[in-house]
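# Chains, contacts and geometry: an overview
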Amino acid sequence: MTRATVLRASNYRRMPWKNGGGETVEVAVSPEGAALSDFDWRVSMATVATDGPFSIFPGIDRTLSIIDGNGMQLAIDGDDPLLLTQDSAPLAFAADVAVTATLAEGPITDLNVMTRRDGLRHRVERVDIDSRATFQPAAPTWLLLCHRGALTVEWSGQSVDLGQGDTLLFEQPGDVYLLLEQPGDVEVSGRARCFLILIDPV
């Protein structure tokens with residue numbers, strides 16, 4: 001059974017970074033309520049206001065997207081720095097190597113997707129919706145995060161409005177309020193910048 005839940009931005013959990021250098025807004029985590037040391041997967045947003053190192057997460061892969069601000073350079077595992085901006089594609093890299101961030105010009109906000117390497121893998125895609133779009137959830141866990149703008153989402157006779165920061169989560173299984181046989185096509189209408197997140201077993 002595929003299940004769906006709407007995650008409202010006003011209910012996201014706020015918590016300190018693992019290294020104490022800032023605050024993270026947690027969109028979703030599995031298992032529900034898991035700590036930073038024992039999650040299977042996690043989606044979060046963080047504001048980076050100063051240069052410095054990233055937290056180390058052993059056994060974790062991550063994908064980072066810049067969602068607000070003028071960008072930052074990442075020096076990953078001794079490689080030459082990469083400049084990431086809001087126009088850059090989501091960047092996937094290991095979360096258990098040394099990473100140092102240098103802000104391009106002022107604070108930024110990033111979207112982080114992390115999965116435990118020995119059991120899961122993930123993909124992140126940025127999508128700008130100008131009128132209508134159709135998606136087919138093609139993973140056991142599938143999230144549509146409305147970063148900017150507003151959307152109406154319809155599937156299997158259900159309909160929900162997503163505002164800025166809200167997320168629609170399909171998963172199998174989980175504790176949710178809507179229970180579906182199959183989500184089928186997901187029809188989206190509105191104008192928004194969104195992020196699609198797919199999480200699969202390895």
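Look up a bit, the structure's there.
To start, this report covers the structure provided alongside it. (Residues numbered from 1 in each chain as written. Predicted model: local features only at pLDDT ≥ 70, side-chain atom pairs only at ≥ 80, totals over all residues. Heavy atoms only, no water.)

### Re the overall build of the chain
When you go through the chain residue by residue, the secondary structure sums to zero helices and 18 strands. Taken over C-alpha atoms, the radius of gyration comes to 17 Å for the chain, in line with the 17 Å a tight globule of 202 residues would show. Projecting the C-alpha coordinates of the chain onto the three principal axes gives extents of approximately 50 × 35 × 25 Å. A total of 202 residues make up the chain; the buried ones form 50% of that total. A separation threshold of at least 6 residues defines the contact pool for the chain, and within that pool the share at least 24 residues apart is 71%. For the chain, the accessible area works out to roughly 9,500 Å², and carbon and sulfur atoms hold 48% of it. (Helix = DSSP H or I, 4+ residues; strand = E, 2+ residues; numbered from the N terminus. Rg over C-alpha atoms; globule rule 2.2 N^0.38 Å. Buried < 20%, exposed > 50% of the residue type's maximum accessible area, 1.4 Å probe, protein only. Contact = heavy atoms within 4.5 Å. Areas by Shrake-Rupley, 256 points an atom, 1.4 Å probe, with all protein chains shown as cover.)

### A few points about the packing of aromatic side chains
Evaluated as defined, the whole model comprises four aromatic pairs. Between Phe135 and Trp142 the ring centres are 6.3 Å apart and the planes differ by 50 degrees, which places this aromatic pair in the tilted class. Taken individually, Phe135 and Trp142 each receive the classification buried, so the pair is uniform in this respect. Between the aromatic rings of Trp142 and Phe170, the centroid separation amounts to 5.5 Å while the plane-to-plane angle is 40 degrees, which identifies the pairing as tilted. Placement of the pair is Trp142 in strand β14 (residues 141-155) and Phe170 in strand β16 (residues 167-171), with a sequence separation of 28 residues. An aromatic cluster is built from Phe135, Trp142, Trp155 and Phe170, whose rings are joined through pairwise contacts. One cation-aromatic arrangement involves Arg116 over Phe39; the distance from NZ or CZ to the ring centre is 5.5 Å. (Phe/Tyr/Trp six-rings, centres within 6.5 Å; stacked < 30°, edge-to-face > 60°. Lys NZ or Arg CZ within 6 Å of the ring centre and 35° of its normal.)

### Structural notes on unusual backbone geometry
Ser30 connects to Pro31 through a cis peptide bond whose omega is -5 degrees. Mapped onto the elements of the fold, Pro31 is located in the loop between β3 (23-30) and β4 (41-48). Within the chain, Asp77 stands out as a residue other than glycine whose phi angle is a positive 55 degrees. You can see Asp77 is positioned in the loop between β7 (72-76) and β8 (82-84). Unlike most non-glycine residues, Ser156 shows phi in positive territory, near 45 degrees. Taking the relative accessible area as the measure of exposure, Ser156 reaches 41% and is therefore partly exposed.

### Structural notes on the sheet that holds β7
One open sheet holds the four strands; their spatial order is β5-β10-β7-β8, and the pairing between them is antiparallel. Two strands close off the open sheet at either side, each with one partner strand: β5 (52-53) and β8. One ladder, built from three bridges, connects β7 with β8; its direction is antiparallel. In the strand pairing of β8, Gln73 is matched with Leu83. (Pairing = 2+ DSSP bridges.)

### Structural notes on the pairing of strand β15 (residues 158-162)
Sheet topology places β14 next to β15; five bridges connect them, and they run antiparallel. Across the sheet, residue Thr152 finds its bridge partner in β15, namely Asp161.

### Focus on the sheet that holds strand β6 (residues 60-68)
With antiparallel pairing, six strands are arranged side by side in an open sheet as β2-β3-β4-β11-β6-β9. Looking at which strands have only one partner, the edges of the open sheet turn out to be β2 (13-16) and β9 (91-94). Across this sheet, the average inter-strand angle for adjacent strands is 30 degrees, counted without regard to direction. With eight bridges connecting them, β6 and strand β11 (residues 108-116) associate as antiparallel partners. Among the inter-strand pairings, Asp68 is bridged to a residue of β11, identified as Thr109. (Axes fitted to C-alpha atoms, helices over the stretch in contact; angles between N-to-C directions.)

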